[in-house]
Amino acid sequence: MIGEVLALAGALLTLLAAIGVVRFRDVLERMHAVTKASTVGLLFVLIGTAFAVPAGDITTLVLAGLSQLVTMPVGAFLIGRATYRAEGIEPRVDVVDELAGVEVAAEEGPLTTEG
Amino acid sequence: MSDVQRRRDTPRRWHLPSLLMPASLVHVAVLVVLWLLLWDRFTIGNLLSGIVVAVVLVIGFPIPRQRQKRLTLRPVPTVRFVAHVVRKVVESNVWLTREVVSRRSRIRTGIVATPLDGCSPELLTFVANVIALTPGSMVVEASASPPVLYVHVLDLRSIEEVRDDVHRLERLAVHAFGSVDAIAAVDRVQAERRRRRIEEDDTP
Amino acid sequence: MTTVILVVLALAAVGFTYRLLVGPSLSDRVLAIEGLLVAGASAICVNAMRTGSGEYLVVVVVLTLVGFVSTAVVARFIEGRGA
């Protein structure tokens, strides 16, 4: 019972993310909605599932939650940066934009120069 | 197989034990744990095959010597950091609910440059990832030298507020996970910033 | 109860699909696909709750990782070629 309630909460959060994605006016804003709400929504669903599933499978749920938590912010950052730099999109920035005109060069880190 | 050394940390302020381990051993341990999680069962065969795979990976894709850091983990600051992040995650979803459902949109977006001095690149990455989970903010661009995070904010009321939030996050993260030098550096830089801002407020 | 959850997830999927079809730029579509992946992963978990067997839960891990890799690749593409 408690598992289903948690899963319902998670599903509602994902629905919230979907409404945000439909209603917000700009790509960057929509990205906020997706990464924040749907990540936590999926976490709730995973926790809810842990109550209804045999104990051996909980490790898989833990793994799924960890991988989600780690990869979502990085994905958002990559898309956000690409969107900001791409030619076809004008991101709506209302108040202050301290990134306009700043050239951030890609660095050659030691990882890429090792053989 | 692995020795874990516990010793009192210096300087004297930190009365908490910290766990210091060679980095590659930690990498092997993490990979073995992931392997076991994937296989769902903790048997000797799983453990041994996991260790073999982890060691092969760590040897085959080594992290260059100069980027290896000693990893530290302090229990109490870590709990404080995790509590702060959890609270922020809950806040962000509540805020998002209000924002999505309300008729009039109160969103005023902006991108703010927040300098994070005294931060290693690894810590910068970590703080940037946590910012993506906090209410209304997301990292859009980052530069390593000088260490600056460009944070895109949904509800921008004042630039200083955004910078303060990010700096508080950085301070909590460094106290929990940074080396002793990093803590000293961050404390010094942030005290300096506060002093400079007080001076600016005083001058007419 | 699980039926209600699945209906909610279906509505969320409809919302993401709308953005997938309409979204003026490629980045919008990438976001929509990420959202669809989350909805699909949640549906798999709810199904596991219904049947009580955790057989297909590994698919959730795979979905997350594959989604991340594809997001990274498309982000690279957008940066180079514009959306």
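Read on for an overview of the structure. (Residues numbered from 1 in each chain as written. Chains lettered and ligands numbered in written order. Predicted model: local features only at pLDDT ≥ 70, side-chain atom pairs only at ≥ 80, totals over all residues. Heavy atoms only, no water.)

**Some points on the overall build of chain B**
The criterion, for reference: In this text, helices come from DSSP runs of H or I with a minimum length of four residues, and strands from runs of E with a minimum of two, each type numbered from the N-terminal end. Burial status follows relative accessibility: with a 1.4 Å probe on protein chains alone, a residue under 20% of its type maximum counts as buried, one over 50% as exposed, and anything between as partly exposed. Contacts are residue-level and defined by heavy atoms, with any inter-residue pair within 4.5 Å sufficient.
Assigned secondary structure in chain B consists of six helices and five strands. In chain B, the succession of α and β elements from N to C terminus is β-β-α-α-α-β-α-β-β-α-α. Here chain B, with 204 residues, has 41% of them falling under the buried criterion. Put simply, of all contacts in chain B between residues at least 6 apart along the chain, 64% involve residues at least 24 apart.

**Description of the sheet that holds strand β3 (residues 110-115) of chain B**
The line we're drawing: Think of it this way: DSSP has to see at least two bridges between two strands before they count as a pair. What counts as an axis is a line fitted to C-alpha atoms, over the stretch in contact for a helix, and the angles between N-to-C directions run from 0 to 180 degrees.
Across the sheet, three strands lie side by side as β3-β5-β4 (chain B); this open sheet has antiparallel pairing. Both edges of this open sheet fall to β3 and β4 (137-143) of chain B, since each of them pairs with a single strand only. Between one strand and the next, the sheet's axes are offset by a mean angle of 25°, whatever the strand orientation. In this structure, β3(B) lies alongside strand β5 (residues 148-153) of chain B, joined through six bridges in antiparallel fashion. Bridge pairing in β5(B) links B:Gly110 to B:Val153. Its contacts with the sheet put helix α3 (residues 58-85) of chain A on β3 and β4 of chain B, and the angle it makes with β4(B) is roughly 70°.

**Considering the environment of A:Val45**
With respect to the secondary-structure elements, A:Val45 resides in helix α2 (residues 27-50). With 21 residues separating them in the primary sequence, A:Val45 and A:Phe24 have C-alpha atoms 25 Å apart. Apart from the residues within four sequence positions on either side, A:Val45 is in contact with A:Leu6, A:Ala7, A:Gly10, A:Ala11, C:Ser42 and C:Cys45.

**Concerning the packing of helix α3 (residues 75-101) of chain B against helix α5 (residues 159-177) of chain B**
Residue and element names in this part refer to chain B. Using the following cut-off: With the far helix as reference, a near helix turned anticlockwise by less than a right angle produces a left-handed crossing, and one turned clockwise produces a right-handed crossing. The nonpolar class holds Ala, Val, Leu, Ile, Met, Phe, Trp, Tyr, Cys and Pro. Asp, Glu, Lys and Arg form the charged class, and all remaining residues, Gly among them, are polar.
Viewed as axis vectors pointing N to C, α3 and α5 meet at an angle of 145°, and their least axial separation amounts to 7 Å. Seen from above, α3 lies across α5 with left-handed handedness. Contact with α3, carried on its side by Pro77, Thr78, Phe81, His84, Arg87 and Lys88, involves Asp165, Arg168, Leu169, Leu172, Ala173, His175, Ala176 and Phe177 of α5 and no other residues of that element. Of the residues belonging to the contact of α3 with α5, the class tally is seven nonpolar, three polar and four charged.

**Focus on a nonpolar patch on the surface**
Selection rule: Patches here: salt-bridge-free residues with over 30% relative accessible area, like charges joined within 9 Å, nonpolar side chains (Val, Leu, Ile, Met, Phe, Trp, Tyr) joined within 5 Å. Using the Shrake-Rupley algorithm and a 1.4 Å probe, accessible areas are obtained, with residue cover drawn only from the displayed protein chains. Think of a salt bridge as a Lys or Arg side-chain nitrogen and an Asp or Glu carboxyl oxygen that are within 4 Å of each other.
On the surface, B:Leu38, B:Trp39, C:Val58, C:Val62 and C:Val66 cluster together into a nonpolar patch covering about 440 Å² of accessible area. Taken together, the elements giving at least two residues each to the nonpolar patch come down to α1 (23-39) of chain B together with α3 (58-81) of chain C. Element by element, the count of residues in the nonpolar patch is highest for α3(C), at three residues. Judged by relative accessible area, which is 44%, B:Leu38 ranks as partly exposed.

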